[in-house]
Protein chains: 2
Amino acid sequence: MLEARLSEAAILKRLIDAIKELVTDANFECNEEGLNLQAMDNSHVALVTVNMQASGFKKYRCDRPMPLGVNMNSLTKVLKCAKDDDVCILKAADDADVLSLTYEARNTDRIAEYEMKLMDIDSDTLGIPDTEYDARVTMPSGEFARIVRDLSQLGESVRIEVSKEGVRFISDGEAANGNILLKQTDAPQRSGSSSKKKAKAESDDEEEAQATDEEEQEEEEDEDGEKKVKVKKEKAKKEKVKKEDGDVEMNGDEDEEDADYQQKEDEDEGEEEQDEEEESSSKKRKKPAKNGKPAKKAKKVKEENEDDDGPVGVSIEMNQHVTLTFSLKYLLNFSKSTTLSKKVVLMMSNDVPLLVSYDFGNGFIRYYLAPKIGDD
Amino acid sequence: MLEARLSEAAILKRLIDAIKELVTDANFECNEEGLNLQAMDNSHVALVTVNMQASGFKKYRCDRPMPLGVNMNSLTKVLKCAKDDDVCILKAADDADVLSLTYEARNTDRIAEYEMKLMDIDSDTLGIPDTEYDARVTMPSGEFARIVRDLSQLGESVRIEVSKEGVRFISDGEAANGNILLKQTDAPQRSGSSSKKKAKAESDDEEEAQATDEEEQEEEEDEDGEKKVKVKKEKAKKEKVKKEDGDVEMNGDEDEEDADYQQKEDEDEGEEEQDEEEESSSKKRKKPAKNGKPAKKAKKVKEENEDDDGPVGVSIEMNQHVTLTFSLKYLLNFSKSTTLSKKVVLMMSNDVPLLVSYDFGNGFIRYYLAPKIGDD
DNA sequence: AGCGTGTACC
DNA sequence: GGTACACGCT
């Protein structure tokens, strides 16, 4: 039996929106740690994985692992019936052939229940090509989307070159060629910039902790067997960081996203109960966050993003130069996830599939895309 | 060799946007005075000319005259890759077959370079139909766009009648007829509106000088000898006004734009050199402008336009009544240039092509359209 | 965020 | 040839 209570239906809506064009049917694998989805795109060129951790839900319960075979088209329709800020409850009985979705308006005046048919899907869960990445580029997701959109006007492919200079995106087209160089952002230029920070700072701590987690996760992915283990480890670490300091610079970026989500919840749903999963840690933040501003969440989110904008720069970590060519059509598709995170991470090694990762609070969506060969 | 550095890519974007539907290929004629484009529309009914003076660029260099044969479709694509506030650098080697466009983000963290193929275009540079205009109507460009849009819903043609009463736009359609009368705005309500004016006045003079040239070219057909004279006459007038007051409305508008650009440069690239071209005049404005707000340029521009909006009224100068009929389809197209200037000037004489002119800071875009005959 | 246009699929 | 989906623009 699954019961998962999501604070904002918008998160799920955006996730499904991001992948529905790529994937028509997929299994949501549910277990006590959360929901996972993995699917090849329809043309079997790209791989998508989605993860929503149990901790990202207001309430989460899954007695035993179960796959929910979902048709994205149906789910999209059903999710359109939810308002962005509705609380969304997912329920499925063991071996059920339907998924129940309940939308509760924030004031609880309105309760809508939908039951969506499930299907049996051969879950050819493939091992994720695991790699040790030689280059890792973090950049604002909007910037990535812009570049991909721009270049796809010129040609079908983009060559990505990562060097110490920065990362360069190159496209050759019939009428024109284009190349965009993003230099690595200088560095921690964030100090003393704002007064909002403060509220933020605390969330930063959280964020950073999470970021740390995320980073670790990724690293581990390379040897994925350990991934899970790591996750747990990270969690532990997170708490530790928080306790100790909470002001790690780099993590800050990634954390900020998390912070956003959490902060939002705090503000928007401050009146609500308690976050069970990780409350222990979140409680501390709750108050400070509230102090900041009880106002508009939408605005709040925006501010946060903007705050981050400054902070969210381009950062590059690399062991060696990497040059790869990809189909812009797919990257364009991936960049639909821009709404899920202000930041995107590209992981690359020569001759190995690119990993494009959007991490949001307590979850992520990742895309894998094989490079074109022969730089065609 | 050409190298032209434009403070804001938006200017070029808007220009090309305005003409791309009318013209598919055209030569940008570059010389030390600036860039000029002249082309018949695809159906050879209308003529478009564009001028961007060297003084409108942050930096401008053109060693020797050269034509750049551009496909508007390609250029449109490449320009879409520029953000409105990017600095845009155009470069072409002598006899090059490509035009290089470089976009620098204001923070310079992002540098995008595009190379667009050029083409050889038979520059059948036509003499511009030259006329002695019997009527000159100046009005808010938005007003013109609105009228054209409204009337094109009713019929295919508009009859424009200029009299002392004002200017009247008449359309007869199957389902309905419409006519719009614009009376001349009371009078000089422009005084005291700006302090910036000065610099601009000069460029205005230049433009008129240029206009004169163009007009002269074509004068042959009517009784052109006088045309020039006329233009000059106006010029003299204008100068006179300027000297007396310094607050000539028209000039003011254009000046403001300049001010913006300079201000921006100052702020963003304060470390850079100096504006060579018109610094002498701009300096005066510089300080006051800065005091206001060093912030968003976009906003700044907007403000200026808005500033002008108030002052921009309808003014009519005429020697005799004029009645002409035009295809609304083309006028609708011309009015795409509305974004380039808050003001538009219509120059008309009976049985002679209409001249529709949008002047912006240091340049203009002009359209010529032959009247329909027999008022069909 | 909504509307309109263009592209792709049935 | 029509319908539906996606993308871009206002």
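In every chain, residue numbers begin from 1 and rise along the written sequence. Throughout, the order in which chains and ligands are written sets their labels, letters from A for the former and numbers from 1 for the latter. The model is predicted, so local features are restricted to residues of pLDDT at least 70 and side-chain atom pairs to those at 80 or more, both for listing and for counting; the totals for chains, interfaces and linings are taken over all residues. Side-chain numbers here rest on the full set of heavy atoms in the structure, without hydrogens or water.

Trainee: How do you make sense of the sheet that holds strand 4 (residues 46–53) of chain A when you look at a structure like this?
Mentor: Each strand in a sheet pairs with its neighbour through backbone hydrogen bonds, running either in the same direction (parallel) or in the opposite one (antiparallel). Residue and element names in this part refer to chain A. Between any two strands, pairing holds if DSSP finds at least two bridges. Helix numbering and strand numbering both begin at the N terminus, where a helix is a DSSP run of H or I of at least 4 residues and a strand a DSSP run of E of at least 2. Reading across the sheet, the nine strands line up as 6-2-3-4-18-17-16-10-14 and stay open at both edges, with antiparallel pairing between neighbours. Here the strands that pair on one side only, and so sit at the sheet edges, are strand 6 (66–71) and strand 14 (315–318). When strand polarity is set aside, the average angle formed by the axes of neighbouring strands in this sheet is 15°. Relative to strand 6, strand 2 (residues 25–31) is paired through six bridges, and the arrangement is antiparallel. Across the sheet, residue Phe28 finds its bridge partner in strand 6, namely Leu68. Whether two residues touch is decided by their heavy atoms; if any such pair falls within 4.5 Å, the residues are in contact. Lines fitted to the C-alpha atoms define the axes, with helices restricted to the stretch that makes contact. Angles between their N-to-C directions range from 0 to 180 degrees. Contacting strand 2, strand 3 (34–40), strand 4, strand 17 (354–360) and strand 18 (363–369), helix 1 (residues 9–19) runs over the sheet at an angle of about 170° to strand 4. Of the strands in this sheet, strand 2, strand 3 and strand 6 are in contact with helix 2 (residues 72–80), which crosses strand 6 at around 80°.

Trainee: Even after reading the chapter, I still don't get the relation of the copies chain A and chain B, so can you show me in this structure?
Mentor: Here the second copy of the chain follows from the first by a rotation about an axis and a shift along it. What sets the superposition is a least-squares fit of C-alpha atoms, and only residues with pLDDT of at least 70 in both copies go into it. Between the two copies, chain A and chain B, the superposition gives an RMSD of 0.2 Å; the rotation angle is 117° and the shift along the axis is 0.7 Å. Both chain copies can therefore be described as sitting about a three-fold axis.

Trainee: I keep staring at the nonpolar core and nothing clicks. Help me out?
Mentor: The tendency in soluble globular proteins is for nonpolar side chains to be buried side by side. What makes a nonpolar core is a set of buried Ala, Val, Leu, Ile, Met, Phe, Trp, Tyr and Cys residues whose side-chain atoms join them at distances within 4.5 Å. Under the scheme applied here, a residue whose accessible area is under 20% of the maximum for its type counts as buried, over 50% as exposed, and between as partly exposed, the area being computed with a 1.4 Å probe on protein chains only. Ranked by size, the top nonpolar core spans 157 residues in total, and within it Phe169 of chain A together with Phe169 of chain B carry the most contacts. Other than its neighbours up to four places away in sequence, Phe169 of chain A contacts Met139, Phe144, Ile147, Leu151, Val158, Arg159, Ile160, Gly178, Asn179, Ile180, Leu182 and Leu346 of chain A.

Trainee: When you look at the protein's contact with DNA strand D in this model, what are you seeing that I'm missing?
Mentor: Residues in contact with DNA strand D, as listed here, are Lys20, Glu21, Arg149 and Lys336 of chain A together with Lys80 of chain B. Contacts described as polar in this section are N or O atom pairs within 3.5 Å, which, within protein, must combine one atom able to donate a hydrogen with one able to accept it, while residues neighboring in sequence count only if both atoms come from side chains. Within the side chain of Glu21 of chain A, one N or O atom sits 3.5 Å away from a sugar or linking oxygen of DNA strand D. Amino acid classes used here: Ala, Val, Leu, Ile, Met, Phe, Trp, Tyr, Cys and Pro are nonpolar; Asp, Glu, Lys and Arg are charged; the rest, including Gly, are polar. Partitioning the surface near DNA strand D into residue classes produces no nonpolar, no polar and five charged. Neighbouring residues are identified by heavy atoms, a residue being near a molecule or strand if any of them is within 4 Å of it.

Trainee: What's the story with the pairing of strand 7 (residues 87–92) of chain A in this structure? I'm lost.
Mentor: The two faces of a sheet get side chains in turn, since along a regular strand they alternate between them. All names here are of chain A. In terms of residue burial, strand 7 counts as a mostly covered element, since five of its six residues are buried. Pairing analysis gives five bridges linking strand 1 (residues 2–6) to strand 7, with the strands arranged antiparallel. Residue pairing for strand 7: Ala4 is matched across the bridge by Leu90. Sheet analysis places strand 7 next to strand 8 (residues 98–104), joined by five bridges and oriented antiparallel. The residue bridging Cys88 from the neighbouring strand is Tyr103, located in strand 8.

Trainee: Please clarify how the interface of chain A and chain B should be interpreted in this entry.
Mentor: Accessible area lost during the coming together of the parts is what is often quoted as the interface size. Taken together, the contact pairs 19 residues of chain A with 17 residues of chain B. Around 1500 Å² of area is buried between chain A and chain B when both sides are counted, 42% of it from carbon and sulfur atoms. Whenever Lys or Arg places a side-chain nitrogen within 4 Å of a carboxyl oxygen from Asp or Glu, that contact is recorded as a salt bridge. For the interface between chain A and chain B, the tally reads two salt bridges. Along the contact surface separating chain A from chain B lie ten residue pairs in polar contact (both at pLDDT 80 or more). Listed by contribution, the elements that provide at least two residues to the side of chain A that touches chain B are helix 3 (141–154) and strand 13 (176–183) of chain A. Of the residues that constitute the side of chain A that touches chain B, the class distribution is eight nonpolar, six polar and five charged. Sheet analysis places strand 13 of chain A next to strand 9 (residues 110–117) of chain B, joined by seven bridges and oriented antiparallel. The term buried area denotes the loss of accessible surface (1.4 Å probe radius) that occurs when two parts are joined, taken as the sum for both partners.

Trainee: I tried to follow helix 1 (residues 9–19) of chain B on my own but got confused; where do I start?
Mentor: Owing to its 3.6 residues per turn, the α-helix aligns residues three or four sequence positions apart on the same side. Of all eleven residues in helix 1 of chain B, nine are buried, a share of seventy percent or more. Among all positions in helix 1 of chain B, only Ala9, Ala10, Ile11, Leu12, Lys13, Leu15, Ile16, Ala18 and Ile19 of chain B are buried.

Trainee: Just checking my understanding: could you explain the pattern of salt bridges for this structure?
Mentor: Oppositely charged side chains can pair when the atoms bearing their charge come close. Taken as a whole, this structure holds 30 salt bridges over all chains when the rule is applied. The salt bridge partner of Asp359 of chain A is Arg366 of chain A, with a shortest N-O separation of 3.9 Å. Asp359 of chain A gets classed as buried once you look at its relative accessible area, which sits at 5%. Across the pair Asp86 of chain B and Arg110 of chain B runs a salt bridge whose closest N-O atoms are separated by 3.8 Å. Taken together, the positions of Asp86 of chain B in the loop between helix 2 (72–80) and strand 7 (87–92) and Arg110 of chain B in strand 9 put the pair 24 residues apart, joining distant regions of the chain. Accessibility assignment for this pair places Asp86 of chain B and Arg110 of chain B in one class, buried. Because the salt bridges share partners, they merge into one network encompassing Glu143, Arg146 and Asp150 of chain A together with Asp86 and Arg110 of chain B.

Trainee: Got a minute to help me understand the confidence of the model for chain A in this structure?
Mentor: For residues with low pLDDT, the predicted coordinates do not support detailed interpretation. All names here are of chain A. Of all residues in chain A, 66% have pLDDT values of 70 or greater, and the mean over the chain is 76. Here helix 5 (residues 227–244) stands out as the element of chain A with the lowest mean pLDDT, 34, in contrast to strand 5 (residues 59–62), whose mean of 98 is the highest. Think of pLDDT as the predictor's per-residue confidence, scored from 0 to 100. Long-range and interchain partners of residues 189–310, a stretch whose pLDDT sits below 50, account for 208 contacts in this model, where long-range means more than four residues apart.

Trainee: Looking at this model, I keep getting lost on the packing of helix 3 of chain A against helix 2 of chain B. Mind explaining?
Mentor: Helix-helix packing is characterised by the crossing angle of the two axes and by the distance between the axes. Packing of helix 3 of chain A against helix 2 of chain B leaves a shortest axis separation of 9 Å and a crossing angle of 170°. One element, helix 3 of chain A, and the other, helix 2 of chain B, form an angle in the roughly antiparallel class. Note on packing geometry: the crossing formed by helix 3 of chain A with helix 2 of chain B is left-handed. The residues of helix 2 of chain B that touch helix 3 of chain A, namely those facing Arg146, Asp150, Gln153 and Leu154 of chain A, are Lys77, Val78 and Lys80 of chain B. Our angle categories are set so that under 35 degrees counts as roughly parallel, over 145 as roughly antiparallel, 65 to 115 as roughly perpendicular, and the remainder as oblique. Note: crossing handedness is left-handed where the near helix turns anticlockwise from the far helix by less than a right angle, and right-handed where it turns clockwise.

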